[in-house]
Amino acid sequence: MKMDDLAVLAPQMAAGASPEVFQQLGLITRQLHDTLNQLGVMPKLQAAADGLPDARSRLSYIAKKTGDAANKVLNSVDMAKEEHQRISSETRRIAQAFIKDPVKAVASGAVLNFVGDVEAATDRIDRHLTDIMMAQDFHDLTGQVVAKVVALASDLEDSLVKLLVQAAPLEQAQRVESAILNGPVVNPEGRSDVVADQGEVDDLLASLGF
Amino acid sequence: MSNPTDMKFLIVDDFSTMRRIVRGLLKEIGYHNAEEAEDGAIALTMLKNAKFDFVVSDINMPVMNGFELLSAVKADDTLKHLPVLMVTAEARKEDIVRAAKDGAAGYIVKPFTKATLEEKVQKIMQKLAATA
C-alpha cells in the first residue's frame, strides 16, 4: 500500500475508528521515525562499522605478535633451565671428585674442564636471557595498535548501546549495558558482582560450603 | 594410585601459551604427566579415549566452553569422578557459583601464581585421597 492510498483510505477509516487507535498509530509512527532517525544520524556507528575489517586484521596482528613472543620466551626459558640443570649436576659431580681425591681432580684436568664448561654454559644462558628481553618488543609494537582498536571498539560500543537502549522496552533498557559488558574484568573496584582476586573467590566458595 | 606425581593431567585452554604455562607450572610442582586440548569438545573426546586423573580447564573457549565440558564430565558415569579445576579470567561471582554448583573441584582466576595453582591442586588431591 502506498502513501496516496492511505490518504484516500484514512478519512473513511477515521469515520469508524476510535481516538485510541489513532493515538496508538501515532505512537508507533513516532517510534519508527525516531529509530530510523537514530540510524541515519549516527555517523560514529557507520564509521565504526567501516573500521571493523581493519580492526580484525589489527587484532590478528596483535594475536600473532604476542603468541610469537610468548613462545620465544618459553623456548628460551626451557633451554636456559636445561643449561642451569647441567651446571648444577656438573658442580655436584666435580665437588664429589674433589672431595674424594683433590690432587687427581686437578691433575686429570677435570676441574679445568669444569671451569671451561661453566663459562660456555653461562654464555649460552646469557644469550637466552637476551632473547627473552628482545621478545618483549611486541609490547611496543602492539601497544599502539591496541590503542586504536580500543578507540574503535569504544565508539562502536557507545553507538550500539545508545541504539539498544533506544529500541529496547523500558524495563529492559537498564539491563542492556551491563549485559553486553561481560568478560574478563579489568576494573573490579566498586563492583559487587565480580571478585577482585583469588582470596575473594575462596571466600565466596567457602560461604557456599565448598 | 601409588604415587600422586604419576597422575595424568588434561589441560584445556584455547590459548597454547596458557596451556604451556600451566603445563610448565605443573611440571615444577612435580606433575610431569600432562596432555593438552584446545577446547571442551576435544577434551571430552580425549577423556573418553584415555585415562586421566585431573582436568584443568579454561571457561571461555570455542566449540565447547568450560561450563559445557564440566557438565558433560559430571553427567558421564565413567568420568564424573574426575576433579575439574577451572582456571579462567572470568571473575564474575555468578560464574564462580555456577562452577561450584556444577561440580568444579576448584576455581582459579587469571592472572594466578604458581603458589595458587599448587595450593589448589594439593587441596583437591587431599580431598581425593580422603574419599578414596
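Residues numbered from 1 in each chain as written. Chains lettered and ligands numbered in written order. Predicted model: local features only at pLDDT ≥ 70, side-chain atom pairs only at ≥ 80, totals over all residues. Heavy atoms only, no water.

Draft legend 1. Highlighting the overall build of chain A. The helix and strand inventory of chain A stands at 8 helices and 0 strands. Ordered by position from N to C terminus, the α and β elements of chain A give α-α-α-α-α-α-α-α. Here chain A, with 210 residues, has 21% of them falling under the buried criterion. Restricting the contact set of chain A to residue pairs at least 6 apart, pairs at least 24 apart contribute 72%. Per element, the accessible surface of chain A, about 15,200 Å² overall, is 60% carbon and sulfur. (Helix = DSSP H or I, 4+ residues; strand = E, 2+ residues; numbered from the N terminus. Buried < 20%, exposed > 50% of the residue type's maximum accessible area, 1.4 Å probe, protein only. Contact = heavy atoms within 4.5 Å. Areas by Shrake-Rupley, 256 points an atom, 1.4 Å probe, with all protein chains shown as cover.)

Draft legend 2. Seen up close, the packing of helix α3 (residues 66-75) of chain B against helix α4 (residues 93-102) of chain B. Residue and element names in this part refer to chain B. Close contact between α3 and α4 brings their axes to 10 Å; oriented N to C, the two are set at 15°. When the axes of α3 and α4 are compared, the pair comes out roughly parallel. Considering the relative orientation of α3 and α4, their crossing is left-handed. In this structure, α3 uses Phe-67, Leu-70, Ser-71 and Lys-74 to contact α4, whose residues at the interface are Asp-95, Arg-98, Ala-99 and Asp-102. Partitioning the contact of α3 with α4 into residue classes produces 3 nonpolar, 1 polar and 4 charged. (Axes fitted to C-alpha atoms, helices over the stretch in contact; angles between N-to-C directions. Parallel < 35°, antiparallel > 145°, perpendicular 65-115°, else oblique. Left-handed = near helix turned anticlockwise from the far one by under 90°. Nonpolar A, V, L, I, M, F, W, Y, C, P; charged D, E, K, R; others polar.)

Draft legend 3. Just the packing of helix α1 (residues 16-29) of chain B against helix α5 (residues 114-131) of chain B, in detail. All names here are of chain B. Close contact between α1 and α5 brings their axes to 10 Å; oriented N to C, the two are set at 65°. Taken together, the axes of α1 and α5 are roughly perpendicular relative to one another. Between α1 and α5 the crossing geometry is right-handed. Mapping the contact onto sequence places Val-22, Leu-25, Leu-26, Glu-28 and Ile-29 in α1 and Lys-114, Leu-117, Glu-118, Val-121 and Gln-122 in α5.

Draft legend 4. Geometry of the interface of chain B and chain A. Listed per partner, the contact involves 18 residues of chain B and 22 residues of chain A. When the area that chain B buries against chain A is broken down by residue, the three leading residues are Arg-20, Arg-92 and Lys-93 of chain B, summing to 33%. For the interface between chain B and chain A, the tally reads 3 salt bridges. Lys-81 of chain A serves as the salt-bridge partner of Glu-28 of chain B, at 3.3 Å between the closest nitrogen and oxygen. Broken down by secondary-structure element, the contributors of at least two residues to the side of chain B that touches chain A are α1, α4, β5 (106-109) and α5 of chain B. Among the elements that take part in the side of chain B that touches chain A, α4 of chain B stands out by supplying 5 residues, more than any other. Its residues placed into classes, the side of chain B that touches chain A shows 9 nonpolar, 2 polar and 7 charged. (Buried area = accessible area lost by both parts, 1.4 Å probe. Salt bridge = Lys/Arg side-chain N within 4 Å of Asp/Glu carboxyl O.)

Draft legend 5. Fine view of a nonpolar patch on the surface. Taken together, the side chains of Val-21, Phe-22 and Leu-25 of chain A present a nonpolar region at the surface, about 260 Å² in accessible area. Along the chain, Leu-25 of chain A falls in helix α2 (residues 19-40). (Patch = residues over 30% accessible without salt bridge, like charges linked within 9 Å, V, L, I, M, F, W, Y side chains within 5 Å.)

Draft legend 6. Seen up close, the sheet that holds strand β1 (residues 9-12) of chain B. Residue and element names in this part refer to chain B. One open sheet accounts for 5 strands, arranged β2-β1-β3-β4-β5; its pairing is parallel. Either end of the sheet is taken by a strand with one partner, and the two such strands are β2 (34-37) and β5. Here the strands of the sheet are splayed against their neighbours by 20° on average, with no regard to which way each runs. Pairing geometry for strand β4 (residues 84-88) and β5, over 4 bridges, is parallel. Within the sheet, the bridge partner assigned to Met-86 lies in β5 and is Tyr-107. Here α1 sits on the sheet and contacts β1, β2 and β3 (54-57); the angle it forms with β1, its principal contact strand, is near 150°. (Pairing = 2+ DSSP bridges.)

Draft legend 7. Structural context of α5 of chain B. The terminal C-alpha atoms of α5 of chain B lie 26 Å apart, and with 18 residues this matches the ideal 26 Å at 1.5 Å per residue to within 8%. Looking only at α5 of chain B, the buried set comprises Thr-116, Leu-117, Lys-120, Val-121, Ile-124 and Met-125 of chain B. Buried residues of α5 of chain B fall within an arc of 160° about the axis and therefore sit on the same side. Facing away from the buried side of α5 of chain B by more than 90 degrees, the exposed set consists of Ala-115, Gln-126, Ala-129 and Ala-130 of chain B. For α5 of chain B, the secondary structure elements touched by its buried residues are α8 (198-207) of chain A together with β1, α1, β3, β4 and β5 of chain B. (Expected span 1.5 Å × (residues − 1). Arc of directions from axis to C-beta.)

Draft legend 8. Summary view of the pairing of β4 of chain B. Residue and element names in this part refer to chain B. With 5 of its 5 residues buried, β4 lies for the most part within the structure. Burial along β4 is two-sided: Val-84, Met-86 and Thr-88 and Leu-85 and Val-87, pointing in opposite directions, are all buried. Note that β3 and β4 share 3 bridges and pair parallel. Across the sheet, Val-55 pairs through a bridge with Val-84, a residue of β4.

Draft legend 9. Quick peek at the pairing of β5 of chain B. Of the two faces of β5 of chain B, both are covered, the one formed by Gly-106 and Ile-108 of chain B as well as the one formed by Tyr-107 and Val-109 of chain B. Since β4 of chain B and β5 of chain B lie parallel, the crossover through α4 of chain B that links them has a hand, and here it is right-handed. (Right-handed = clockwise from strand over helix to strand, strands pointing away.)

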